[in-house]
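Structural overview
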Amino acid sequence: MASKVKIRGKLSGTVAKVKLLIPHPMETGTRRDADGKVIPAKYIETVTLYKNDQVVMTGNWGQSVSKDPYLSFQVNNCAAGDVIKVDWVDNLKETGSGEVTLK
Amino acid sequence: MELNKRLFSRPLSRRQCIGGLLALCSTALLPARLFASTAAFSATDTQAVLDDLSEGLPIEESDAVNLKAPDIAENGAVVPVTVSTDISGVESIALIVDENPNPLSASFTLTPDAVADISFRVKMGKSSTVRALVKTSDKVYMARRDVKVTIGGCGG
């Protein structure tokens, strides 16, 4: 079970500044454990960012995004009450999401 | 699937056959239209990534693309990068680490509501050139920086 995305949003004028942190191992598939066995790849492939259910930005990631990915971005034309939401899917089709209401 | 049921229940007419083929082709072609195809992510060579991302558009080095990254990264596992630009009509932004096994690290597709200012963190196996690509409808703008890594981020 994936733990929850931490997401914070701050409104400055009509621009929302959003920061988020996704707890995720982001395994590259090239590391080996203590017994020399390859640790299978597990990394987030797609991150979708929504404003009130409308897609604002889509991110396609490779294995080289750091463990527990941090992402900050900005969204235009926002007002108090708007909901910024994030969805992620990894290469093993595990998913997670989080959302924040701007105020 | 509806199509499968129809295809298997009776012999194919010529029309169905052609229609089915066309449908297959269009699904197969779909990922190629996105800024970064999966092929770009599995490419092991920077030039291949650039070719794939630019889709034939000219790549121009530009000061208008602002790539923030440390000159020296003490920990290659966590290298903070920021890509921002004032260029209008940005369709997508990508980050490439030349010396990584798969150079393409991330690509973002932007809608008009998204501001072209993104920060995140990448892993770097060793010292490398880092490139930020900003794509508009008619050109790809690029900025690069050299980042020196003192401890590699792969293989921990």
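The structure contained in this document is the topic of the report that follows. (Residues numbered from 1 in each chain as written. Chains lettered and ligands numbered in written order. Predicted model: local features only at pLDDT ≥ 70, side-chain atom pairs only at ≥ 80, totals over all residues. Heavy atoms only, no water.)

**Some points on the pattern of salt bridges**
Residue and element names in this part refer to chain A. The condition is simple: The salt bridge definition used is simple: a Lys or Arg side-chain nitrogen within 4 Å of an Asp or Glu carboxyl oxygen. Per the convention used, a helix needs a DSSP run of H or I reaching at least four residues, while a strand needs a run of E reaching at least two, with both numbered from the N terminus. Type-normalised accessible area, obtained with a 1.4 Å probe on protein chains alone, sets the label of each residue: buried when under 20%, exposed when over 50%, and partly exposed for intermediate values.
In the structure shown here, the tally under the stated rule is eleven salt bridges over all chains. Residues glutamate 45 and lysine 93 are paired through a salt bridge, measuring 3.9 Å at the closest nitrogen-oxygen approach. One end of the pair, glutamate 45, is in strand 3 (residues 44-51); the other, lysine 93, is in the loop between strand 6 (83-90) and strand 7 (95-101), and 48 residues separate them in sequence. Residue class for glutamate 45 comes out partly exposed when judged on its relative accessible area of 26%. One network of salt bridges, with partners in common, ties together Lys42, Asp90 and Glu94.

**Points about the sheet that holds strand 1 (residues 6-12) of chain A**
Put simply, the rule reads: Two strands are said to pair when DSSP picks up at least two bridges between them. The axes are straight lines fitted to the C-alpha atoms, using for helices just the contacting stretch, and the angles between their N-to-C directions are given from 0 to 180°.
An order of 1(A)-2(A)-5(A)-7(B)-4(B)-2(B) is seen for the six strands of this open sheet, with the pairing classed as antiparallel. Edge positions in the open sheet fall to strand 1 of chain A together with strand 2 (65-68) of chain B, since each of these has one partner strand only. The average undirected angle you get between the axes of adjacent strands in this sheet is 15 degrees. Across six bridges, strand 4 (residues 79-85) of chain B lies against strand 7 (residues 117-122) of chain B in antiparallel orientation. Bridged to B:Pro80 within strand 7 of chain B is B:Arg121.

**Points about helix 4 (residues 46-54) of chain B**
Residues and elements named next belong to chain B. Our working definition: Read the arc as the range of directions from the helix axis to the C-beta atoms. Contacts between residues were defined by any pair of non-hydrogen atoms, one from each residue, lying within 4.5 Å.
Every buried residue of helix 4 is accounted for by Thr46, Val49, Leu50, Leu53 and Ser54. The buried residues of helix 4 all sit within an arc of 115 degrees when viewed along its axis, so they share a single face. At its buried positions, helix 4 is contacted by helix 3 (38-42), strand 1 (59-61), strand 5 (92-97), strand 6 (104-110), strand 8 (128-135) and strand 9 (140-149). A positive phi of about 50 degrees marks glutamate 55, the residue just after helix 4.

**Some words on the packing of aromatic side chains**
Threshold: To pair, rings of Phe, Tyr and Trp, with the six-membered ring standing in for Trp, must have centres within 6.5 Å; the planes then decide the type, stacked if under 30 degrees apart, edge-to-face if over 60, and tilted in the middle. Any Lys NZ or Arg CZ found within 6 Å of a ring centre and within 35 degrees of that ring's normal is scored as a charge over the ring.
Tallying each qualifying case throughout the model produces two aromatic pairs over all chains. Summarising the aromatic geometry, the rings of A:Trp61 and B:Phe108 are spaced 6.5 Å apart at their centres and angled 75 degrees between planes, so their arrangement reads as edge-to-face. With A:Trp61 in strand 4 (residues 54-61) and B:Phe108 in strand 6, this pair bridges two chains. Across the pair, B:Phe108 and A:Trp61 agree in class, each one buried. Its end group placed over the ring of A:Tyr50, A:Lys85 keeps NZ or CZ at 5.1 Å from the ring centre.

**Quick word on the interface of chain B and chain A**
Going by this rule: Accessible area that two parts lose when put together, with a 1.4 Å probe and added across both, is what the buried area reports. By the criterion applied in these results, polar contacts are pairs of N or O atoms within 3.5 Å in which, for protein atoms, one can donate a hydrogen and the other can accept it, and in which residues neighboring in sequence qualify only through two side-chain atoms. The classification used treats Ala, Val, Leu, Ile, Met, Phe, Trp, Tyr, Cys and Pro as nonpolar, Asp, Glu, Lys and Arg as charged, and all other residues, Gly among them, as polar.
Each partner contributes to the interface: chain B provides 28 residues, whereas chain A provides 28 residues. Area buried by chain B at its contact with chain A is led by B:Asp113, B:Arg121 and B:Lys123, which between them contribute 29% of it. Taken together, the connections running from chain B to chain A amount to one salt bridge. The closest approach of N and O atoms between A:Lys51 and B:Asp113, which form a salt bridge, is 3.1 Å. The tally of links from chain B across to chain A stands at 17 residue pairs in polar contact (both at pLDDT 80 or more). Those elements giving two or more residues to the side of chain B that touches chain A turn out to be strand 6 and strand 7 of chain B. The greatest single-element share of the side of chain B that touches chain A, amounting to seven residues, is contributed by strand 6 of chain B. Its residues placed into classes, the side of chain B that touches chain A shows 15 nonpolar, nine polar and four charged.

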